[in-house]
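Here is how the chains run, residue by residue.
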Amino acid sequence: MNATQSIASKGKSPLMQLIPVMLCFFAMGFVDLVGTATNFVRNDLNLSVSEASLFPSLVFFWFLIFSVPTGILMNKIGRKNTVLVSLAITALSLVIPIFGDSYAIMLISFSLLGIGNAVMQTSLNPLVTNLISGDKLASALTFGQFVKAIASFLAPIIATWGATTLFPTFGLSWRILFLIYAVISVLAVAALGATPIEEERPDKASGIRECVKLLGRPFILLCFIGIMCHVGIDVGTNTYAPMIIMERLNFSLEDAAFATGLYFIFRTLGAFTGAFILRVMKAKMFFAISVVMMVAAMVILFTAHSQAALYTGIALVGYGNSNVFSIIFSQALLSSPNEKNEVSGLMIMGLFGGTVFPLCMGYAADAFGQFGAVAVMTAGVIYLLCYTIKIKKEA
């Protein structure tokens, strides 16, 4: 089956079905604005590093709570309807900061953003299996991650533009980012709602206990921890790259914010090229190459004190980490084809790593400077290096 074949294309071409689904992947990327927003809020409210780290940690905390129940919800109302619910929650989370950027308002906004994204990531990825299946799934999910990365890449650019432009931003400054992304969320709801997608019905209703029991399967557990490490490295670099630049090079926040943009440029490039590379290269080999790039990046971030070297390290993390999620996620789904909804819930619950890593990095940074933050990320990279040998050779 090629990448444009649909298993349920009644009334619409596969391409016309994929376009609104990819718009949803774009909306999925809105969660990555948390890194950019955290640095601006920290600057506005004069917060410590550990205090500011609560924001990205809070976003990803909700993945622990909502991912598995979302897998169960999909069995009841379907994947498409679950994605629509997630988009509505996301839109609401983006409207709230338009009315202010106090600590309480941002906590509420980031909480809703995390809940909406947890529901979206749990339901949207398996929804793709209704359009793409088999050995092309990793490639399709990687292309979705490329689209998601575009939204992530644009976030710091829009926020910086809003903070520095003379163009009218309705008094929102960098928070114009929230208004723009809220409008796109509404458009995604309309586009997906108008698209018919036929879904296979689950063989049986499942409960939380049945879902969690899947972690008893060794390979599923390995994938779960791998997802935790991937998102921890992702959120950690997204949030702490500017802080590393500020500490090592004595840059201002506005100048250092480019580090986040650079990370997303290479994450976007990696996801785009990965969608094609995974069609011709075995997932195991490509995953190994990606992790080796991140190992090199950690060495650079530990030792470098020049702008060129630090930017090289950040770029290597961006490219290397760009395809880790799609490979691990597709491996987990293909290992349990009769329990895709439940496995999806568990894998997205692994995004709870986005809570664990930033908190650990925040305390490590307060104690040892940004060397401590890099050390925490390095632990995740080492795990992914060990996980490489467990990837199915035939995938």
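Look a little higher up for the structure.
Report on the accompanying structure.

**Comments concerning the overall build of the chain**
Right, on to step 1. For the chain, the helix and strand inventory stands at 18 helices and 0 strands.
Right, on to step 2. Against the globule reference of 21 Å for 395 residues, the chain gives a C-alpha radius of gyration of 20 Å, in line with a compact fold.
Right, on to step 3. By principal-axis analysis of the C-alpha atoms, the chain measures approximately 55 × 45 × 35 Å.
Right, on to step 4. For the chain, the residues scored as buried account for 60% of the 395 residues in total.
Right, on to step 5. Nonlocal contacts in the chain, meaning residues at least 24 apart in sequence, comprise 82% of its contacts between residues at least 6 apart.
Right, on to step 6. Approximately 14,600 Å² of the chain is accessible, and the part contributed by carbon and sulfur atoms is 70%.
Right, on to step 7. A distance of 11 Å separates the average location of the 23 positive side-chain charges in the chain from that of its 18 negative side-chain charges.

**Overview of the pattern of salt bridges**
For side chains bearing opposite charge, pairing can occur when the charged atoms are close.
Right, on to step 1. Tallied over the full model, the rule gives 4 salt bridges.
Right, on to step 2. Aspartate 32 is paired through a salt bridge with arginine 267; the nearest N and O atoms lie 2.8 Å apart. With aspartate 32 in the loop between helix H1 (14-28) and helix H2 (33-45) and arginine 267 in helix H12 (residues 258-277), this residue pair connects regions lying 235 residues apart in the sequence.
Right, on to step 3. We classify aspartate 32 as buried; its relative accessible area is 2%.
Right, on to step 4. Using a relative accessible area of 6% as the deciding quantity, one classes arginine 267 as buried.
Right, on to step 5. For the salt bridge of glutamate 339 with arginine 217, the shortest nitrogen-to-oxygen distance reads 3.0 Å. Of this pair, glutamate 339 sits in the loop between helix H15 (324-335) and helix H16 (340-349) while arginine 217 is found in the loop between helix H9 (208-213) and helix H10 (218-249), placing the two residues 122 residues apart along the sequence.
Right, on to step 6. Classification of glutamate 339 by relative accessible area gives buried; the value is 17%.
Right, on to step 7. Each of Asp32, Lys148, Asp234 and Arg267 takes part in a single network of salt bridges with overlapping partners.

**So, the side chain of threonine 38**
Right, on to step 1. In this fold, threonine 38 is placed in helix H2.
Right, on to step 2. Judged by its relative accessible area of 0%, threonine 38 is buried.
Right, on to step 3. Among the polar contacts listed, one links the side chain of threonine 38 to the backbone oxygen of valine 34, at a separation of 2.6 Å.
Right, on to step 4. In this structure threonine 38 touches Ala52, Phe55, Pro56, Phe110 and Thr239, once residues within four positions along its chain are discounted.

**A look at the packing of aromatic side chains**
Right, on to step 1. Under the defined criterion, the tally for this structure stands at 18 aromatic pairs.
Right, on to step 2. Plain terms: the ring middles of phenylalanine 30 and tyrosine 181 are 4.1 Å apart, the flat faces sit at 10 degrees to each other, and that makes the pair stacked. Of this pair, phenylalanine 30 sits in the loop between H1 and H2 while tyrosine 181 sits in helix H8 (residues 176-193), and the two are 151 residues apart along the sequence.
Right, on to step 3. An angle of 75 degrees between the planes, with centres 5.1 Å apart, marks the rings of phenylalanine 61 and tryptophan 62 as edge-to-face.
Right, on to step 4. Positioned above the aromatic ring of phenylalanine 371 is the side chain of arginine 248, whose terminal nitrogen or guanidinium carbon lies 4.3 Å from the ring centre.

**What to know about the environment of leucine 249**
Right, on to step 1. With respect to the element layout, leucine 249 can be found in helix H10.
Right, on to step 2. For the pair leucine 249 and phenylalanine 287, spaced 38 residues apart in sequence, the C-alpha separation works out to 32 Å.
Right, on to step 3. Not counting the four nearest positions on each side in its chain, leucine 249 is found in contact with His305, Ser306, Gln307 and Leu310.

Criteria and cut-off values
- Residues numbered from 1 in each chain as written.
- Predicted model: local features only at pLDDT ≥ 70, side-chain atom pairs only at ≥ 80, totals over all residues.
- Heavy atoms only, no water.
- Helix = DSSP H or I, 4+ residues; strand = E, 2+ residues; numbered from the N terminus.
- Rg over C-alpha atoms; globule rule 2.2 N^0.38 Å.
- Buried < 20%, exposed > 50% of the residue type's maximum accessible area, 1.4 Å probe, protein only.
- Contact = heavy atoms within 4.5 Å.
- Areas by Shrake-Rupley, 256 points an atom, 1.4 Å probe, with all protein chains shown as cover.
- Lys, Arg positive; Asp, Glu negative; His and termini not counted.
- Charge placed at Lys NZ, Arg CZ, Asp CG, Glu CD.
- Salt bridge = Lys/Arg side-chain N within 4 Å of Asp/Glu carboxyl O.
- Polar contact = N/O pair within 3.5 Å; in protein donor to acceptor, adjacent residues only side chain to side chain.
- Phe/Tyr/Trp six-rings, centres within 6.5 Å; stacked < 30°, edge-to-face > 60°.
- Lys NZ or Arg CZ within 6 Å of the ring centre and 35° of its normal.

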